[in-house]
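# Topology and contacts: notes
Residue-level listing of the chains:
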Amino acid sequence: MALGRKTFRLKLPSGTLVLGERTLVMGVLNVTPDSFSDGGEFLQPERAIEHSLAIERAGANLLDVGGESTRPGSAETPASVELERILPVLEALHGRIKIPISVDTRRSTVAEIALRAGAQIINDVSGLKSDPRIAEAAARWRVPLILMHMRGEPRTMQAGGFARDVMRDVLQGLRQSAAIARKAGVSKSQIILDPGIGFGKSFAQNYELLQKLPQLAKLGYPLMVGTSRKGFLGATLARDGKPAPAEERIWGTATTVTASILNGAHIVRVHDVEEMVQVARVADCLLDPKQRPRN
């Protein structure tokens, strides 16, 4: 067990996923035209499949596939469109990719079909607020369920109305999400929590959440954190009053990935897989002496 980070064992259809011995890197695949960082790049199935395999080759432990953008200001995507985007990719990857696939969705119908197509984890960025039946799907399929905290809706979540006490808001929201999941039959040992960096939080609050991750760990669940290329990094690295573009936020991302790991994150969700695999490997050496190279 890494120092300061508990070890968890999650059951997947394909085997056991161990969290905590080392940091797991989840690579992002957005099969969308409008995601904030790579919208449109992988909308065509061929490019999405190619990129998925590249993510695996780069050292990712997990692949997160999503067909709906939930960036600030985004509109809701119909379930039929979401499925049209992700199903060809999931079906083509079946038997070709060895790392587990997570489906990033807010709909139980999409989650069910994605699980039938080979996904092994559900990642719900709404924390069951959009569709509580996602928990029933996770329980029925006995797959891990990632519950993220989102304040408000993607369309308006960054328009203001931020919580006065962000840590209290996140803790309360995630407790409620976990309670809904467990009532629906999801085992506690199959739940992962995500504080939702950038989802209804001010730029300063994102930093506060990273600083106070150990408080979230006290809830007794493994943690996933996604800071990759997000807006608060663009604001921090702004030049001449203009936010740094997404592709220029990699070193800022590396800093926040390191902070996440040192404060207890079990999984980091990233776009720049090859680079963040290196970051995670070195950060793990700070956490656990057993990970360090020998002279």
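Keep in mind it's a predicted model, so treat the numbers as computed, not measured.

## Digging into the nonpolar core
- Membership of the largest hydrophobic core comes to 70 residues, with the highest contact counts inside it found for L63, I122 and L145.
- Discounting chain neighbours no more than four positions away, the residues touching L145 are I122, L128, I134, A135, A138, A181, V186, Q190, I191 and I192.
- With 13 residues, the next largest nonpolar core counts F8, I121, I146 and I192 among its residues.

## What about the sheet that holds strand β9 (residues 224-225)?
- One open sheet holds the eight strands; their spatial order is β8-β7-β6-β5-β4-β3-β10-β9, and the pairing between them is parallel. The open sheet has two edge strands with one neighbour each: β8 (191-194) and β9.
- For strand β3 (residues 24-30) and strand β4 (residues 62-66), the ladder comprises five bridges, and the chain directions are parallel. Bridged to N30 within β4 is G66.

## Observations regarding the packing of helix α3 (residues 108-116) against helix α4 (residues 133-141)
- One way to put it is that α3 packs onto α4 with a least axis distance of 8 Å and a crossing angle of 20 degrees. Overall, the two elements α3 and α4 adopt an arrangement that is roughly parallel. As for how α3 packs across α4, the hand of that crossing is right-handed. On α4, the residues that touch S108, E112, L115 and R116 of α3 are R133, I134, A137, R140 and W141.
- Taken together, the residues that form the contact of α3 with α4 break down as four nonpolar, one polar and four charged.

## Examining the pattern of salt bridges
- Going through the model one piece at a time under the given rule, you end up with twelve salt bridges.
- With a closest N to O distance of 3.1 Å, R133 and D131 form a salt bridge.
- Exposure remark for D131: the relative accessible area of 9% places this residue in the buried category.
- A salt bridge links R229 to D272; its shortest N-O distance comes to 2.7 Å. Of this pair, R229 sits in the loop between β9 and α8 (231-236) while D272 sits in the loop between β10 (267-270) and α10 (273-287), and the two are 43 residues apart along the sequence. Summarising the burial analysis for this pair, R229 and D272 share the class buried.
- Connected through salt bridges with shared partners, the residues E68, E76, E82, R106 and R107 form a single ionic network.

Procedures and definitions
- Residues numbered from 1 in each chain as written.
- Predicted model: local features only at pLDDT ≥ 70, side-chain atom pairs only at ≥ 80, totals over all residues.
- Heavy atoms only, no water.
- Core = buried A, V, L, I, M, F, W, Y, C linked by side-chain atoms within 4.5 Å.
- Buried < 20%, exposed > 50% of the residue type's maximum accessible area, 1.4 Å probe, protein only.
- Contact = heavy atoms within 4.5 Å.
- Pairing = 2+ DSSP bridges.
- Helix = DSSP H or I, 4+ residues; strand = E, 2+ residues; numbered from the N terminus.
- Axes fitted to C-alpha atoms, helices over the stretch in contact; angles between N-to-C directions.
- Parallel < 35°, antiparallel > 145°, perpendicular 65-115°, else oblique.
- Left-handed = near helix turned anticlockwise from the far one by under 90°.
- Nonpolar A, V, L, I, M, F, W, Y, C, P; charged D, E, K, R; others polar.
- Salt bridge = Lys/Arg side-chain N within 4 Å of Asp/Glu carboxyl O.

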